[in-house]
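Here is how the chains run, residue by residue.
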Amino acid sequence: MRIDTRGRVRQSLGLVVGQCRRAVGAAAGGRHRHWYALGLGSAVSLGMLLLVPTLASAVGGEPRASIETTAMPLPPPSPQPDRSAASSASVEWTQVTIAPGQTMGDVFTDLGLSSRVLHELLQDRELKQRLTRIRAGERFAFDIPEEGVLRALLYDRDEASRVRLALNPDGTLEQDVLERPMQRRVLSGTGRITRSLFADGEDAGLSVQVILELAKVFGYDIDFAQDLREGDAFSVVYEEVYREGERLRSGDILAASFVNQGRRFTAYRYVFPDGRVEYFDAEGRPMKKGFLRMPIEFARLSSRFNPNRRHPVLGTVRAHRGVDYAAATGTPIMAAGDGRISFIGTQRGYGRTIILDHGNGITTLYAHMSRFGRFGRGARVRQGDVIGHVGATGLASGPHLHYEFRIKGVHRDPLKVTFPKPQPLPQTELARFHAQTQPWLARIDLLEGRQLAAR
Ligand SMILES: [Zn+2]
């Protein structure tokens, strides 16, 4: 069985799948209606845009009076804008939503348009990029005044601009870009864990994206698969992106706090002068640590570090010198930290195994893989790189990742090993960090105050 990331998230965080699907479905429906409305609206607004030059030339420049006094005939209005304005007002757009695996060639065939027309469009570099790299769910609109004739094409260049491409009878292309004003609004939500991060996050008004981002930001400190407790509390300040007054999607988390089993964690988004974005705690220490809490996303901890465990396959008492995470075969396994592959191959009992050397005497081991990633022996890997996939090779009762953590050759419990706190930002950067995050710090305090008052 193949489970997508979201499926796994829902599963391990205890969300009722039906509930989540409802939310996602509603969001998709919203987007659809939104696009549809814009599709109709833009024909009108593009018409307006096209009218603007005509109006400008009529009211601006030489006043009409001067033309009259010179007794010269008024020049005939340029036929171009008037014709387009008239045609765009009466356009009936045929909207197409790209299906999985569908190419623009398929779309043209379905619409009864000749592949020669598409071929001509593909001579343009930007169009080639846009029309050959299409994804399922994307929408295009076609103006087909009569069978086999493509008069105009409407597509989104990016989320802030829409292009109307007119195909003139003489074979030339004409492009109008409609800039769509984007706004960012800052919202906040606060809640308490009663059922699951997903259910309680949604109750607090957070979107699925914001909840996933929240789990990611605190993922180095909190293991959401097993550390979450009833009564834990979260507060989040985040952005929502609006386009032309309608909600488009969630933006970034600006600040958040999470109280897990009485321990309070905070995170603030910081934009470096070079545009890089990272999250830091209130003292300016990075949220990102040297090692991931789990080298696998949202899996279930199925067996702990235990020196006296009875082996599930052999039945004998054998130390379990690592932890096991049960997950579907094929689930990506990530490098827990930056390092170098010191062993890749098959080990008795462990099946397909990788050992990473992280320097300072620290090594990590990943066993029972179904297959390896793209890295070979000696390769440098970065934290989060996919080094292999979950499997059941070697002695394994089912697909899982067996993960070991060694310091100077001694096995340590990966769930308990601690590291010194990372260094905070340097002084000059720290001042900038505090100035940037001050408003969000105040807002988080306010939200937490409200949270306490509601208790
Ligand atoms: Zn194990």
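Before reading on, note that the structure itself is shown above.
Residues numbered from 1 in each chain as written. Predicted model: local features only at pLDDT ≥ 70, side-chain atom pairs only at ≥ 80, totals over all residues. Heavy atoms only, no water.

Visitor: An account of the pattern of salt bridges is requested, with residue identities and associated values reported.
Guide: Per the stated rule, a full pass over the model turns up 24 salt bridges. Residue Arg249 is joined to Glu159 by a salt bridge in which the shortest nitrogen-to-oxygen separation is 2.7 Å. Taken as a pair, Arg249 in strand S8 (residues 246-260) and Glu159 in the loop between strand S3 (152-158) and strand S4 (161-167) lie far apart in primary sequence, 90 residues in all. Assessed through its relative accessible area of 26%, Arg249 is described here as partly exposed. According to the relative accessible area criterion, Glu159 is partly exposed, its value standing at 31%. The partner of Lys289 in a salt bridge is Asp221, with the nearest N and O atoms 3.1 Å apart. Taken as a pair, Lys289 in the loop between strand S10 (277-280) and strand S11 (300-303) and Asp221 in the loop between helix H9 (208-217) and strand S7 (233-243) lie far apart in primary sequence, 68 residues in all. Assessed through its relative accessible area of 23%, Lys289 is described here as partly exposed. Through salt bridges that share partners, Asp156, Arg162, Arg180 and Glu244 make up one connected network. (Salt bridge = Lys/Arg side-chain N within 4 Å of Asp/Glu carboxyl O. Helix = DSSP H or I, 4+ residues; strand = E, 2+ residues; numbered from the N terminus. Buried < 20%, exposed > 50% of the residue type's maximum accessible area, 1.4 Å probe, protein only.)

Visitor: So what's going on with the coordination of the zinc ion? Residues and values would help.
Guide: Protein-derived ligands of the zinc ion are His320 (NE2), Asp324 (OD) and His402 (ND1), with the metal-ligand distances lying across 1.9 to 2.2 Å. Summarised as a motif, the one-chain spacing of the donors to the zinc ion is H-x3-D-x77-H. You can see Asp324 sitting in strand S12 (residues 323-326) and its partner His402 sitting in strand S20 (residues 400-407), a full 78 residues away along the chain. The buried category is assigned to Asp324, whose relative accessible area is 7%. His402 gets classed as buried once you look at its relative accessible area, which sits at 4%. (Donors = N, O, S within 2.8 Å, 3.2 Å for Na, K, Ca; no water.)

Visitor: Tell me about the side chain of Thr353, and please be specific about residues and values.
Guide: Looking at the secondary structure, you find Thr353 in strand S15 (residues 351-359). Here the side chain of Thr353 touches Tyr350 through a polar contact of 3.4 Å, landing on its backbone oxygen. Beyond its immediate sequence surroundings of up to four residues, Thr353 is in contact with Phe343, Ile344, Gly345, Gln347, Leu365, Tyr366, Ala367 and Phe372. (Polar contact = N/O pair within 3.5 Å; in protein donor to acceptor, adjacent residues only side chain to side chain. Contact = heavy atoms within 4.5 Å.)

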